[in-house]
Amino acid sequence: MAAKTLTIDGKQISADECATILEAAADAGITIPTLCHLEGVYDVGACRLCLVEVTGISKLLPACTTKVAEGMEIRTDTERLIRYRRMTLELLLAERNHVCAVCVANGHCELQTLAFNQGVDHVRYEYCFPKWEVDNSHALFGMDHNRCLLCTRCVRVCWHIEGAGTKNVSGRGAKARIISDLNQPWGTSDTCTKCGKCVMACPTGALFYKGSTNSEMERDRDKLEFIVTAREKKQWIA
Amino acid sequence: MDRLRVSTVWLGGCAGCHMSFLDLDEVLIELAARIELVYSPLIDVKEYPENVDLCLVEGAVCNEDNLDMIHKIRARTKVLVSFGDCAVTANVPAIRNQLGLKNGESVLQRAYVEGAQAMGGLPQEPGIVPALLDRVMPVHEVVYVDYFVPGCPPPADHIQAVMNQVLSGAEPRLQGAQLKFG
Ligand code: SF4
Ligand code: SF4
Ligand code: FES
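From a predicted model like this one, the values you see are computed outputs, not experimental measurements.

1. Concerning the pattern of salt bridges
Counting across every chain of the model gives 18 salt bridges over all chains. For Glu-162 of chain A, the salt bridge identified is with Lys-197 of chain A, shortest N-O distance 2.6 Å. Taken together, the residues span a long stretch of sequence, with Glu-162 of chain A in the loop between helix H4 (153–160) and strand E8 (167–170) and Lys-197 of chain A in helix H5 (residues 197–201) at a distance of 35 residues. One salt bridge connects Glu-47 of chain B with Lys-72 of chain B, and the closest N-O pair in it is separated by 3.2 Å. One end of the pair, Glu-47 of chain B, is in the loop between strand E2 (35–39) and strand E3 (52–58); the other, Lys-72 of chain B, is in helix H3 (residues 64–76), with 25 residues separating them in the sequence. For Glu-47 of chain B, a relative accessible area of 44% translates into the label partly exposed. Given the relative accessible area of 29%, Lys-72 of chain B is considered partly exposed. Each of Arg-86, Glu-90, Asp-121 and Arg-124 of chain A takes part in salt bridges that share partners, so that together they form one network.

Below, the structure written as C-alpha cells:
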C-alpha cells in the first residue's frame, strides 16, 4: 500500500493512501470534532461538523469522507472552521426540541458535549419548536424524534452490523425522520431483532432503553467496536 | 469603593437558579461586603431601581408581565446576564411552544379546566394575573444579553466564578463543561 505525505495544521505526516483525512489526523494525534462518524461503520458526511480547509480548494471538505492526497495541506483549527462548527451545533440545537434538563441523555450526550466544548453558551438562531412524536411501541427501546439529529448512525449499524435493515430515513429536509420498516410503529416491525445496536450507536437522547429516565441513558459503544473487530479481523478482543 | 449594585429577577422559571445562588453558602457573606442587592425575590423591594450594574435573570419570557419587566430591566441595567437554562434556552417553559400558536389558551384549558377536580375555569384577573404569550422566548430573543450562564440550575461554583470575574473587572467567561446545558 502506497503512503501519501501531507501536512495537517503544519505537522508533516504520512498516511495510507486509502485513509480519510479524519483517520490520518487521528493517527497524528489531532482531534477533529465529529458527530455522524462512528467507528465500525462507513461514513456518510451527514453532520458537517468535521469540515476542514484544504489549501487550493475553496469549499470546506468533510474530513470523514475525504481521502488523503499527496501534498495536501490541511487545516483543522482556523477561525472560519471554529465559527462554522459553532454555527452547525447551534442549528442542530435549534432544529428539534432539545431540553437537556429533562433528557434521558443529559450528561452522556455527544451533541451536548460538543456544544460546550465548542463554546456554545447560547443559540443565536430562533428555535423551531417543531411537533414530533415519541415512539414507545417497542418492548425494549424508545425513540424520541425530538432529540434526533438525522446522523443515521442507527440506520448504518442496523443495516451493516446487524444486517436487519429495520431502520431507514423517510422524507426530505426538515421533515426527514427515522422510520422502522414501512414507516410503522417500531414495536410492530417484523425485521427488528431487538439487538439494541441502534440504541448503542445513537449520540443523543433520541434512542433509549425503556425505563431510563432523566440523565440515565449511558451507552456501551465498545460493544459495537468489539463486534466489528471480531468480524473484520477475526479477533475476539474486548 | 462603592459596592456593585446587583439585582436578581425571577421570570418564568422554577426558582432553582435562585436556590443555587443561595448554595453559595458562606461565600454569600463575602459577597455581601462587595455587592449591594438592590432588587431580588430574596429581598423586599417593589420597584426595579435605576442604575443597576449587574442583573442575573432567571427564567424564560412567558407572559406579558415578564415581557414588560425584561424591557424595564434592560433599560435600567448595565450588564444583563441570562442566568440558567430557562433564561438561556427557554428550556422547560418553552415545551408548550411545540403545541403551536394559541397554546397559551390550550395549556390553561388543560390545567385549569380539564384537569380541575372542582370549580374548573380559566384564571382571569386582568391587571393581576398576566396573560400568557403565544410563544415562550429565551431572554436574548427579546433584549440584548451580555453574558450567559447555562445550567439547570447553574452550579453554585459557576455563579461564584462569574461573580468573581465581574467583581475583579474581568469579562465573565465560563468555559468547557461550565457551559453545559441541563
Ligand atoms: S439529546 Fe443531548 S442536546 Fe438534546 S436534549 Fe438530550 S442531552 Fe440535550
Ligand atoms: S435516532 Fe440517534 S442515531 Fe438515529 S439518526 Fe437520530 S440521532 Fe442519529
Ligand atoms: S463526522 Fe464528518 S460529516 Fe459528520
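More follows now that the structure is in view.
2. Quick notes on the interface of chain A and chain B
Across the contact, 22 residues belong to chain A and 23 residues belong to chain B. In total, about 1900 Å² of surface goes out of reach between chain A and chain B, with carbon and sulfur atoms giving 68% of it. Put simply, chain A and chain B have 1 salt bridge between them. When the shortest N-O distance is used, the salt bridge between Glu-126 of chain A and Arg-135 of chain B registers 3.7 Å. The tally of links between chain A and chain B comes to 4 residue pairs in polar contact (both at pLDDT 80 or more).

3. Quick word on the site of ligand 2
Among the 14 residues in the neighbourhood of ligand 2, the closest are listed as Cys-148, Cys-151, Thr-152, Cys-154 and Cys-202 of chain A. Here the shell around ligand 2 is built from residues that sort into 11 nonpolar, 2 polar and 1 charged.

4. Quick word on the domain arrangement of chain A
Residue and element names in this part refer to chain A. What the domain assignment lists for chain A is domain 1 (3–77) and domain 2 (83–232). Once you take the C-alpha centre of each, domain 1 and domain 2 turn out to be 25 Å apart. Each partner contributes residues to the interface: domain 1 has 19 residues there, and domain 2 has 24 residues. Contact between domain 1 and domain 2 buries roughly 1600 Å² in total, counting both sides, with carbon and sulfur atoms accounting for 68%.

5. Concerning the sheet that holds strand E10 (residues 207–209) of chain A
Residues and elements named next belong to chain A. With antiparallel pairing, the 3 strands of this open sheet are ordered in space as E6-E7-E10. Only two strands of the sheet have a single partner each, and these edge strands are strand E6 (134–135) and E10. In terms of strand pairing, E6 meets strand E7 (residues 141–144) through 2 bridges, oriented antiparallel. Bridge pairing in E7 places Val-134 opposite Asp-144.

6. Here's the deal with the site of ligand 1
Lining the immediate environment of ligand 1, one finds His-98, Val-99, Cys-100, Cys-103, Ala-105, Asn-106, Cys-109, Leu-111, Arg-147, Thr-204 and Gly-205 of chain A. A breakdown of the residues in the shell around ligand 1 according to their chemical character gives 6 nonpolar, 4 polar and 1 charged.

7. Some thoughts on the sheet that holds strand E5 (residues 73–75) of chain A
Residue and element names in this part refer to chain A. Spatially, the 5 strands line up as an open sheet ordered E2-E1-E5-E3-E4, and their pairing is mixed. Edge positions in the open sheet fall to strand E2 (11–16) and strand E4 (61–62), since each of these has one partner strand only. Pairing geometry for strand E3 (residues 51–54) and E4, over 2 bridges, is antiparallel. Counted as the bridge partner of Val-52 is Leu-61 from E4. Helix-sheet contacts for helix H2 (residues 79–95) involve E3 and E5, and the interaxial angle to E3 is about 160 degrees.

8. Let's talk about the nonpolar core
In this structure, Ile-70 and Val-139 of chain B are the most contacted members of the largest nonpolar core, which totals 75 residues. Counting contributing residues, this core receives three or more from each of domain 1 (3–77) and domain 2 (83–232) of chain A.

9. Thoughts on helix H3 (residues 110–117) of chain A
Residues and elements named next belong to chain A. Turning to H3, its buried residues are Leu-111, Gln-112, Leu-114, Ala-115 and Phe-116. Looking at the buried positions of H3, the neighbouring elements they touch are H2. One or two positions beyond H3, positive phi appears at Gly-119, with a value near 80 degrees.

10. Observations regarding a negative patch on the surface
All names here are of chain A. Residues Glu-23, Asp-27, Glu-39, Asp-220, Asp-222 and Glu-225 make up a contiguous surface patch of negative charge. Residue assignment for the negative patch shows that the elements contributing at least two residues are helix H1 (21–27) and helix H6 (222–233). Mapped onto the fold, Glu-39 is located in the loop between H1 and E3. We classify Glu-39 as partly exposed; its relative accessible area is 48%.

The rules behind each value
- Residues numbered from 1 in each chain as written.
- Chains lettered and ligands numbered in written order.
- Predicted model: local features only at pLDDT ≥ 70, side-chain atom pairs only at ≥ 80, totals over all residues.
- Heavy atoms only, no water.
- Salt bridge = Lys/Arg side-chain N within 4 Å of Asp/Glu carboxyl O.
- Helix = DSSP H or I, 4+ residues; strand = E, 2+ residues; numbered from the N terminus.
- Buried < 20%, exposed > 50% of the residue type's maximum accessible area, 1.4 Å probe, protein only.
- Contact = heavy atoms within 4.5 Å.
- Buried area = accessible area lost by both parts, 1.4 Å probe.
- Polar contact = N/O pair within 3.5 Å; in protein donor to acceptor, adjacent residues only side chain to side chain.
- Near = heavy atom within 4 Å.
- Nonpolar A, V, L, I, M, F, W, Y, C, P; charged D, E, K, R; others polar.
- Domains from an automatic or database assignment.
- Pairing = 2+ DSSP bridges.
- Axes fitted to C-alpha atoms, helices over the stretch in contact; angles between N-to-C directions.
- Core = buried A, V, L, I, M, F, W, Y, C linked by side-chain atoms within 4.5 Å.
- Patch = residues over 30% accessible without salt bridge, like charges linked within 9 Å, V, L, I, M, F, W, Y side chains within 5 Å.
- Areas by Shrake-Rupley, 256 points an atom, 1.4 Å probe, with all protein chains shown as cover.
- Lys, Arg positive; Asp, Glu negative; His and termini not counted.
- Charge placed at Lys NZ, Arg CZ, Asp CG, Glu CD.

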